[in-house]
Amino acid sequence: VKMQKATAYIGNIPAFYFPRYSAQLKERRDVFEVFPGNNSYDGVFLKTKYSVPVSQHSYSKTYLDIFSLQGVGFGEELDYNIPGKQDGTLYGYYIKEQRSTKERWTLMASHRQKLDSLWSLQGNMNFSSGRDFNQYYFTESWNRVNINLKTNLALTRQSGNSTLRISAERVD
């Protein structure tokens, strides 16, 4: 199932906007997607994404984007999920813009892991060459402009009636 520019309503009030949404209903397989377009920043462009299952619990996505005004961008994403144990994502993208000659990039990672019945570990990392990177090159992100680039790590103990969390965070 794929949707673009989908809006979810509560009554007559728009509650959520999904620029893109997709969900697999069948067994996972290789998928090649092409997104042509045109805008004043990139010019005429062709964005491609090749998705392939790496294992039963992981999926890889390779991005190759050609922009008439900005040049060629490329990236890689690895998603993994072992239900009840761990899940996460590693994503990186790079382009050297032709117009500005700037090197634009991002590197993001997230990981959650259940250590045992009480303890879990969670971490997130976000590094970027600029706060507006997502606006131009990672348009699937909910955060079009990253006001704060956050990296954090948390160790959590959760039982029926209490939660203990030890965390550290870096904000750039």
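Anyway, here's the lowdown on the structure attached to this text. Each chain has its residues counted from 1, following the order in which its sequence is written. Residue-level local features of this predicted model are given only where pLDDT is at least 70; pairs of side-chain atoms are given and counted only at 80 or more, and the full residue set underlies all totals for whole chains, interfaces and linings. Each side-chain value is worked out from all heavy atoms of the structure, with water and hydrogens disregarded.

**With respect to the sheet that holds strand E7 (residues 86–96)**
By this definition, two strands are paired if DSSP reports at least two bridges between them. In DSSP terms, a helix is any run of H or I states spanning at least four residues, a strand is any run of E spanning at least two, and both are numbered starting from the N terminus. Taking strand neighbours across the sheet as the criterion, the nine strands line up as E3-E4-E5-E6-E7-E8-E9-E10-E11 in an open arrangement whose pairing is antiparallel. A strand with exactly one partner marks an edge of an open sheet, and here the two such strands are strand E3 (31–39) and strand E11 (163–171). With strand direction ignored, the average angle separating the axes of adjacent strands in the sheet is 10 degrees. Sheet analysis places E7 next to strand E8 (residues 103–114), joined by eleven bridges and oriented antiparallel. Considered in E8, the bridge of Leu 90 is made with Ala 109. Helix axes use the C-alpha atoms of the stretch in contact, all axes being lines fitted to C-alpha atoms, and the angles between their N-to-C directions lie in the range 0 to 180 degrees.

**Observations concerning the nonpolar core**
Core analysis: the largest hydrophobic core is formed by ten residues, namely Phe 45, Tyr 63, Phe 67, Tyr 91, Tyr 93, Ile 95, Met 108, Phe 133, Tyr 137 and Phe 138. Secondary structure elements with two or more residues in this core: strand E5 (58–67), E7 and helix H1 (133–137). With three residues, E7 is the single largest residue contributor to this core. Ignoring any residue separated from it by four or fewer positions in sequence, one finds Ile 95 in contact with Phe 67, Gln 70, Gly 71, Val 72, Gly 73, Lys 102, Glu 103, Arg 104 and Tyr 137. Nine residue types can take part in a nonpolar core, namely buried Ala, Val, Leu, Ile, Met, Phe, Trp, Tyr and Cys, and a core is a set of them joined through side-chain atoms within 4.5 Å. The buried label applies to any residue whose accessible area, calculated with a 1.4 Å probe on protein chains only, is under 20% of its type's maximum; exposed applies above 50%, and partly exposed to all values in between. For this analysis, residues touch if any pair of their heavy atoms sits within 4.5 Å.

**Some thoughts on unusual backbone geometry**
One non-glycine residue with positive phi stands out, namely Thr 101, at about 60 degrees. Relative to the assigned elements, Thr 101 resides in the loop between E7 and E8.

**Describing the packing of aromatic side chains**
Note on aromatic pairs: the rings of Phe, Tyr and Trp (six-membered ring only in Trp) are paired at centre separations within 6.5 Å, and the planes decide the class, stacked below 30 degrees, edge-to-face beyond 60, tilted for the rest. Tallied over the full model, the rule gives four aromatic pairs. Taken together, a centroid distance of 5.8 Å and an interplanar angle of 80 degrees make the contact between Tyr 63 and Tyr 91 edge-to-face. Of this pair, Tyr 63 sits in strand E5 while Tyr 91 sits in strand E7, and the two are 28 residues apart along the sequence. Summarising the burial analysis for this pair, Tyr 63 and Tyr 91 share the class buried. Look at Phe 74 and Tyr 94: their rings are 5.7 Å apart centre to centre, the planes differ by 50 degrees, and that puts the pair in the tilted class. Here Phe 74 is found in strand E6 (residues 71–82), whereas its partner Tyr 94 is found in strand E7, with 20 residues between them in sequence. Residue Phe 74 is classed as partly exposed on the basis of its relative accessible area, which comes to 46%. The class of Tyr 94 is partly exposed, set by a relative accessible area of 27%. The rule for a charge over a ring is simple: NZ of Lys or CZ of Arg within 6 Å of the ring centre, and within 35 degrees of the ring normal. Seen from the ring of Phe 45, Lys 47 lies directly overhead, with NZ or CZ sitting 5.4 Å from the centre.

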